[in-house]
Amino acid sequence: FVAPTVSQRLTEHMHPNVRSYPVRRVIRGGMSGIKIVMGMAVGVWLGIGLARALDIPVVVGSQQLTLRVPDAMDSTTLDSAVVQMTERLHTVISQELRGIAGASSGSVPQPSQQSVDDPLVIRINVDGEPHSMSIPRDADIAAGVAKFAQSKGLSAEAQQSLTHQAMEVAVSKGYMPLLQHPVKLAPDGPALRLSVYAGQSLEQAAANFLRLHNVDNETLQQTAPELVNEVRMHLVSRGLAPLSTFTLNNPQSGSHFTVSLYVGENLTESVLRQCTENGLPMEQSLEARNQVMNKMREQGLIPLTEYPVQVDGTARMLTLFAGESVNTAIKRFVEANNINEEFVPELKATIQNRLVDEGVTPMASMNIALGPEQRVALPFFKGVAIDDTVSDFVQKYQLPAEEARQLLASVQKRLQDNGLAPLMEVSFNISGRKAVLPLYSGQNVTEQVVKFGQAQNISPEGLEAVYAEVSKSLRKEGLAPVAEFTVNFKGRALPISFLQGESLELKVQRFAAQHGIPEEDIPEVLEQLTVDLVHAGLLPTAQLPVKIGARQLVLQVFKGETSQQAVAKFLSENAVDPGLAQQLQLGLEVRMKDAGLIPMSNFAVGFDGKELSLPLFKGQKVEDAVKDFVLQHKLPENSVEGLTTEVGRRAAANGDIPFIQIPITVRGREITLPLFIGQDVAREVDAFGKENSIEPEDMPKLLIAVRKFLNQAAGAAKTQP
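Residues numbered from 1 in each chain as written. Predicted model: local features only at pLDDT ≥ 70, side-chain atom pairs only at ≥ 80, totals over all residues. Heavy atoms only, no water.

## Focus on the overall build of the protein chain
1) Next: Looking only at helices and strands, one finds 24 helices and 22 strands in the protein chain.
2) Next: Here the protein chain holds 721 residues, and 38% of them are scored as buried.
3) Next: For the protein chain, restricting intrachain contacts to residue pairs at least 6 apart in sequence, the fraction spanning at least 24 positions comes to 42%. (Helix = DSSP H or I, 4+ residues; strand = E, 2+ residues; numbered from the N terminus. Buried < 20%, exposed > 50% of the residue type's maximum accessible area, 1.4 Å probe, protein only. Contact = heavy atoms within 4.5 Å.)

Put into structure tokens, the structure is as follows:
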């Protein structure tokens, strides 16, 4: 009993003048009180010794006891006193504890009021003869029973049975508490005991406990509900109080009845049983059961859903409660079952997919702006029509009709782009029943038709008719595949089709998942398809972001288009001021030159009385451009060298190519430093040094060497014809 917390309390109360401590204090709180008194007695005995006997009155619950500490107390005497006092608290009466929960709502009658001086009277039969056993309120019940048993010559077994009986009577009459629950009023404070007596509600017990420990009224109002809930959950977890209660209506009788559900019982069976016992027909009982179970899920009292997961060959249930994240549920499951962390991502993906499939969590959620500072989540669940979801949202927030139409169109486009809503649905009548073929963004139409035919047992001839109908519907909606390609991936020829307006990135991600293409190989597939789409005229060859007022637009040019044509179309479609045409064209042409779509420069070459144009593209060597030009116009081969020199000089003067390239050896590796007309040499050398991790102390030497190289090159150029 001399626990650290008790010793601390003793030190606080008894030091420095231990003899002035008011030992005749009344300590309430049951077991906690006994421990404190025991600790105090031992502390006094060990600390200073006692020159006289000491009587300490103790109130355990509503019963007053007396602890007598004799002179020269030894450990045996102390143990005996402790055993006598603690034996009384070992009996738990589950039936009466269940009554406590009912007492919270006032369903348990209050016991008859006993005078503080009334003794505990117990009527029993001994050898067929009635006897009355009277135990004073301030006496120890176990000791009183022992004395009575000794006088009647009862066996130890009969004495033990009589002790339990006496305690049950004591509890029922309010001499002892039904329940004692440990409570800490402060995080670092001692554990006190909240006592609940027969006929007393949890609210009454909590209020009495807080007043007993001098808690002010304001704090009492705040703390009492938390305390009541804590004790109630303590009872609930042991099946001694209902997990939840529901009031249901019986339409036949017009009366109401209460359904109480306890931890550990089959909840669905219990609801059905209580409903039928109260006269509900089976059909209505089943409906009531579903309503009750849904409410319990919403309250987080039972799992929203459960999943069997194989752990070491045994199926274990992973549970998810309302308001709980998937991460939290998985973390709890992993810790409880000692699962390796490497399986968590796979487990998480499986659970999330099942939650979406079962409609427990939304398949997508969009943040909708309702004002400058208000954004509201709009969730979409699988199996619920998008129109209905948006309609409910519009009604809830009373959006204008035009905003509602725009919202629906925006939502459908977003969900379709992400493959969460079908681009279209084609209905068929198969043997008198309706069958629907949904088509999502990124799907191969032919593959989906084949799968649909297999699922519906359609003949090959019928499948051709299905495909024709699907193609017709796609063309009608403007969704027919505008291009079909074959992706060559590690020896596999994989077909892919694109619909008008599809997102290339999203399409490739779904395509990779469908065909088991690793994530690290997706960029290769994306690059291959980008080239195909550009050549097919489905992706722009170049584009230029344009801001017109508050609008963010994109100027695009496709294969076969000139910059002038692209700008003219852009101005017309976006109602942009024609005065911006020249500026937009110059900006677009810079992008087109960078992409190698149009030449950086066209050089005039006179030959045989005609003026020809020699184009030079970005990244193209001058010599290669000249050779192509000579071959195209069937010029003499001996003209290549002279043309290369002249075109190179003009291209350098235009800034299309470097006027010089300086070879520099860095840590045994030769790197070229290109310099263009008009560039600051010192700045370019500094950038070159940083890019190639050249030590700062070596940079001045590098700059000197570059300048020397340039001077030598300039001197050599003067001597050339």
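## With respect to the side chain of Glu589
1) Next: Tracing the backbone through its elements, the reader meets Glu589 in helix α20 (residues 581-594).
2) Next: Salt bridges are absent for the buried Glu589, whose nearest opposite-charge side chain, Lys593, sits at 5.5 Å.
3) Next: In this structure Glu589 touches Ser563 and Ile598, once residues within four positions along its chain are discounted. (Lys, Arg positive; Asp, Glu negative; His and termini not counted. Salt bridge = Lys/Arg side-chain N within 4 Å of Asp/Glu carboxyl O.)

## A closer look at helix α14 (residues 401-417)
1) Next: In this model, α14 (17 residues) spans 24 Å end to end at C-alpha, consistent with the 24 Å of a helix rising 1.5 Å per residue.
2) Next: Among the residues making up α14, those that are buried are Ala404, Leu407, Val411, Leu415, Gln416 and Asp417.
3) Next: Buried positions along α14 lie against β11 (364-369), β12 (375-380), α13 (386-397) and α17 (504-515).
4) Next: A positive phi of about 70 degrees marks Gly419, the residue just after α14. (Expected span 1.5 Å × (residues − 1).)

## A short note on the environment of Gly619
1) Next: Position of Gly619 relative to the elements: it lies in the loop between β20 (610-616) and α21 (622-632).
2) Next: In this structure the C-alpha to C-alpha distance between Gly619 and Ile657, which are 38 residues apart in sequence, comes to 8.8 Å.

## Comments concerning the pairing of strand β18 (residues 551-557)
1) Next: The pairing of strand β17 (residues 542-548) with β18 spans seven bridges and is classified as antiparallel. Bridge pairing links Leu544 to Leu555 in β18.
2) Next: Connecting β17 to the next strand, β18, in antiparallel fashion are two residues, including Gly549 with a positive phi near 65 degrees. (Pairing = 2+ DSSP bridges.)

## Topic: the confidence of the model for the protein chain
1) Next: Overall, the predicted model of the protein chain reaches an average pLDDT of 75, with 80% of residues at or above 70.
2) Next: In the model, residues 1-53 has pLDDT below 50 throughout and makes 80 contacts with residues more than four positions away in sequence or in other chains.
3) Next: Confidence over residues 58-65 falls short of pLDDT 50; this stretch has 41 contacts with residues more than four positions distant or in other chains. (pLDDT = per-residue confidence, 0-100.)

## Here's the deal with the nonpolar core
1) Next: Ranked by internal contacts, the top residues of the largest apolar core, which has 33 residues, are Leu194, Leu261 and Met296.
2) Next: Of all the elements in the fold, those that place two or more residues in this core are β5 (179-183), β6 (192-196), α7 (202-212), α8 (217-237), β7 (244-250), β8 (255-261), α9 (267-277) and α10 (282-298).
3) Next: Here this core gets six residues from one element, more than from any other, and that element is α8.
4) Next: Counting residues in each nonpolar core, the second largest holds 19 residues, with Val126, Phe148, Val169 and Leu178 among its members. (Core = buried A, V, L, I, M, F, W, Y, C linked by side-chain atoms within 4.5 Å.)

## Some words on the packing of helix α19 (residues 563-574) against α20
To characterise two packed helices, one gives the angle between the axes of the helices and the distance between these axes.
1) Next: Contact geometry for α19 and α20: axes closest at 9 Å, N-to-C directions at 130 degrees. Accordingly, the angle class assigned to the pair α19 and α20 is oblique. For the crossing formed where α19 meets α20, the hand is right-handed. On the side of α19, the interface is formed by Ser563, Gln564, Ala566, Val567, Phe570 and Leu571, while α20 contributes Ala581, Leu584, Gln585, Leu588, Glu589 and Met592. (Axes fitted to C-alpha atoms, helices over the stretch in contact; angles between N-to-C directions. Parallel < 35°, antiparallel > 145°, perpendicular 65-115°, else oblique. Left-handed = near helix turned anticlockwise from the far one by under 90°.)

## Details of the pattern of salt bridges
1) Next: Applying the stated criterion across every chain yields a total of nine salt bridges.
2) Next: Of the charged contacts in the structure, one is a salt bridge between Lys618 and Asp594, with a shortest N-O distance of 3.2 Å. You can see Lys618 sitting in the loop between β20 and α21 and its partner Asp594 sitting in helix α20, a full 24 residues away along the chain.
3) Next: Among the residues examined, Lys618 registers a relative accessible area of 46% and is labelled partly exposed.
4) Next: Three or more residues are tied together by salt bridges with common partners; here these are Glu646, Arg649 and Arg650.

## Notes on unusual backbone geometry
1) Next: Despite not being glycine, Lys634 shows a phi value in the positive range, around 55 degrees.
2) Next: With respect to the helices and strands, Lys634 occurs in the loop between α21 and α22 (640-654).
3) Next: Here Ser693, not a glycine, exhibits a phi torsion of approximately 55 degrees, which is positive.
4) Next: Topologically, Ser693 is positioned in the loop between α23 (681-691) and α24 (699-719).

## A short note on α19
1) Next: Taking 1.5 Å per residue as the helical rise, α19 with its 12 residues ought to reach 16 Å, and the 16 Å between its terminal C-alpha atoms agrees with that figure.
2) Next: Regarding α19, the residues found buried are Ser563, Ala566, Val567, Phe570, Leu571 and Asn574. Angular distribution of buried residues about the axis of α19 spans 130 degrees; they occupy a single face of the element. Among the exposed residues of α19, those oriented more than 90 degrees off its buried face are Ser572 and Glu573.
3) Next: Positive backbone phi, at 50 degrees, marks Ala575, one or two positions downstream of α19. (Arc of directions from axis to C-beta.)

## Points about the packing of aromatic side chains
1) Next: Summed over the entire model, instances satisfying the criterion amount to two aromatic pairs.
2) Next: When the ring of Phe393 is compared with that of Tyr397, the centres are 4.8 Å apart and the planes differ by 50 degrees; the resulting orientation is tilted. Of this pair, Phe393 and Tyr397 both sit in helix α13, four residues apart, which is roughly one turn of that helix.
3) Next: A relative accessible area of 5% means that Phe393 is categorised as buried.
4) Next: The exposure class assigned to Tyr397 is partly exposed, which follows from its relative accessible area of 29%.
5) Next: Ring geometry for Phe428 versus Phe452: centroids 5.5 Å apart, planes at 40 degrees, classification tilted. Of this pair, Phe428 sits in strand β13 (residues 424-430) while Phe452 is found in helix α15 (residues 445-455), placing the two residues 24 residues apart along the sequence. (Phe/Tyr/Trp six-rings, centres within 6.5 Å; stacked < 30°, edge-to-face > 60°.)

## Re the packing of helix α11 (residues 326-337) against helix α12 (residues 344-357)
1) Next: Two elements in contact, α11 and α12, have axes separated by 10 Å at closest approach and are oriented at 130 degrees. With respect to their mutual orientation, α11 and α12 come out oblique. Here α11 runs over α12; the crossing is right-handed. Across the interface between the two elements, Val326, Asn327, Ile330, Phe333 and Val334 of α11 pack against Val344, Leu347, Lys348, Ile351, Gln352 and Leu355 of α12.
2) Next: Tallied by class, residues from the contact of α11 with α12 come to eight nonpolar, two polar and one charged. (Nonpolar A, V, L, I, M, F, W, Y, C, P; charged D, E, K, R; others polar.)

## Section: the pairing of strand β3 (residues 120-126)
1) Next: Residues Leu120, Ile122, Ile124 and Val126 line the buried face of β3, whereas the alternating positions Val121, Arg123 and Asn125 sit on a face that is not buried.
2) Next: One ladder, built from seven bridges, connects β3 with strand β4 (residues 129-135); its direction is antiparallel. Bridge assignment links Ile124 to a residue of β4, and that residue is His131.
3) Next: Here β3 folds back onto β4 in antiparallel fashion, the turn holding two residues, of which Asp127 has a positive phi close to 55 degrees.

## Quick look at the environment of Arg649
1) Next: Within the secondary structure, Arg649 sits in helix α22.
2) Next: Owing to a relative accessible area of 51%, Arg649 belongs among the exposed residues under this scheme.
3) Next: C-alpha separation for the pair Arg649 and Phe659, spaced 10 residues apart in sequence, amounts to 7.6 Å.

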